[in-house]
Amino acid sequence: MKHPGFIALVLMFGLACVACSESDRQQRAEFYVFGTILEVTTWGVEKEVAEQAFSALQSQFQRMHHEWHAWEPGALVEINRKLAAGEAVTATAEIAEMTRLSQDVEQKSGGRFNSSIGALIGLWGFHTSDYPINGPPPDRYLISELVGRNPSSLDIEISGLAMSSSNRAVQLDFGGIAKGYALDIACSMLRNMGVDNAIVNAGGDLRAFGSHGSRPWRIAVRAPKGGIIGSIETGADEAVFTSGNYERFRLDNDTRYPHILDPRTGWPVSDVASVTVITAEGWLADASATALIVAGLSDWREVARSLDLELVMLVDENGKAWLTDKMAERVKFEDGVERETFILQ
């Protein structure tokens, strides 16, 4: 999955609010969450309103960290303990909803996205915030044994907040969807607090709405080997997510094992360095980017069609971009970037 545990421990609780010089129209807050710096920028909001919104977001993210974390004590860990014991559980509304959304993406992606492989992720040692991990991969037999038990979010029955599964191998890990879902919640909160223009950026994964004054919000798309591949201007309300295999990995001598696993084989994927997806909702962009990087160069178009995506870009290990025609219209590439464009039928 994209980020095996979703949220690293929140280390910095103080907010750094900075007003820009352009008539104090821009306000910004930064705090550490998701294992990265979360930046929230507003435009056209009074400083007091922005600071209240930033404080509310900080509290919200701290709560989500506690409840959604895949390996530190909290609601999700307790749910997984009960599922492993064959017991029914009562989930929070957000965990139940993320499970439903995960089921939809798993089904449409042919199992390339699967939020129930937490045990497999843990076996690889990816339930950590400290990368790289050094040492050999897990024993092949143990990987095969876990994959052979066929954990799937589709094995989970949901009725309201009640969840149960007959497959005790199911262990939920929302690393490939939770960040997007959290940014959706954050943007909804900002709107409800009177913010009409904002961008919430978690380590390059973001959702933006409104505009930055007279122009759209503009973001850079990172190249896997450093620098940027191009830039994108966001629409009125869009999420832009990138799933990449170049930051989190296990290193065994000279062999690198990226943290994104193919749920069908139990092994890391490697032929695609990154996938960028633009959708209207963060959870869908997040989960789709993970599914597409698992799909790889051979199957990404099939999966994109199944997920009803139009704005997709893959970058292979050599830095070549493979993208839809709609995405080609949105990306302003740097000079010298090799690319190939496809029309999704």
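You'll find the structure just up there.
In this text, all values refer to a predicted model and were calculated from it rather than measured experimentally. (Residues numbered from 1 in each chain as written. Predicted model: local features only at pLDDT ≥ 70, side-chain atom pairs only at ≥ 80, totals over all residues. Heavy atoms only, no water.)

Colleague: Which residues make up the overall build of the protein, and what are the values?
Modeller: Looking only at helices and strands, the protein features eight helices and 19 strands. In terms of principal-axis extent, the alpha carbons of the protein reach across some 60 × 45 × 40 Å. When the 345 residues of the protein are sorted by exposure, 56% land in the buried category. For the protein, long-range pairs separated by at least 24 residues make up 63% of all intrachain contacts whose partners lie at least 6 apart in sequence. One way to put it: in the protein the 31 positive side-chain charges average out to a point 1 Å from where the 46 negative ones average out. (Helix = DSSP H or I, 4+ residues; strand = E, 2+ residues; numbered from the N terminus. Buried < 20%, exposed > 50% of the residue type's maximum accessible area, 1.4 Å probe, protein only. Contact = heavy atoms within 4.5 Å. Lys, Arg positive; Asp, Glu negative; His and termini not counted. Charge placed at Lys NZ, Arg CZ, Asp CG, Glu CD.)

Colleague: Mind laying out the pairing of strand β17 (residues 321-324), listing which residues take part and the relevant values?
Modeller: On any regular strand, side chains alternate: one points to one face of the sheet, the next to the other face. Judged by which residues are buried, β17 turns out to be covered on both faces: A321 and L323 on one side and W322 and T324 on the other are all buried. Alignment of strand β16 (residues 311-316) against β17, held across three bridges, turns out to be antiparallel. In the strand pairing of β17, L314 is matched with W322. Taken together, β16 and the strand that follows it, β17, pair antiparallel across an intervening segment of four residues, in which G319 is found at a positive phi of about 90°. (Pairing = 2+ DSSP bridges.)

Colleague: Just give me the short version of the packing of helix α3 (residues 93-108) against helix α6 (residues 178-192), but keep the residues and values in it.
Modeller: For the pair α3 and α6, the least separation of the axes is 11 Å and the interaxial angle reads 125°. In this view, α3 runs oblique relative to α6, as classed from their interaxial angle. In this structure, the crossing between α3 and α6 has a hand that is right-handed. Of α6, the residues touching α3 (which contributes E94, E97, M98 and L101) are A178, Y181 and I185. Its residues assigned to classes, the contact of α3 with α6 comprises five nonpolar, no polar and two charged. (Axes fitted to C-alpha atoms, helices over the stretch in contact; angles between N-to-C directions. Parallel < 35°, antiparallel > 145°, perpendicular 65-115°, else oblique. Left-handed = near helix turned anticlockwise from the far one by under 90°. Nonpolar A, V, L, I, M, F, W, Y, C, P; charged D, E, K, R; others polar.)

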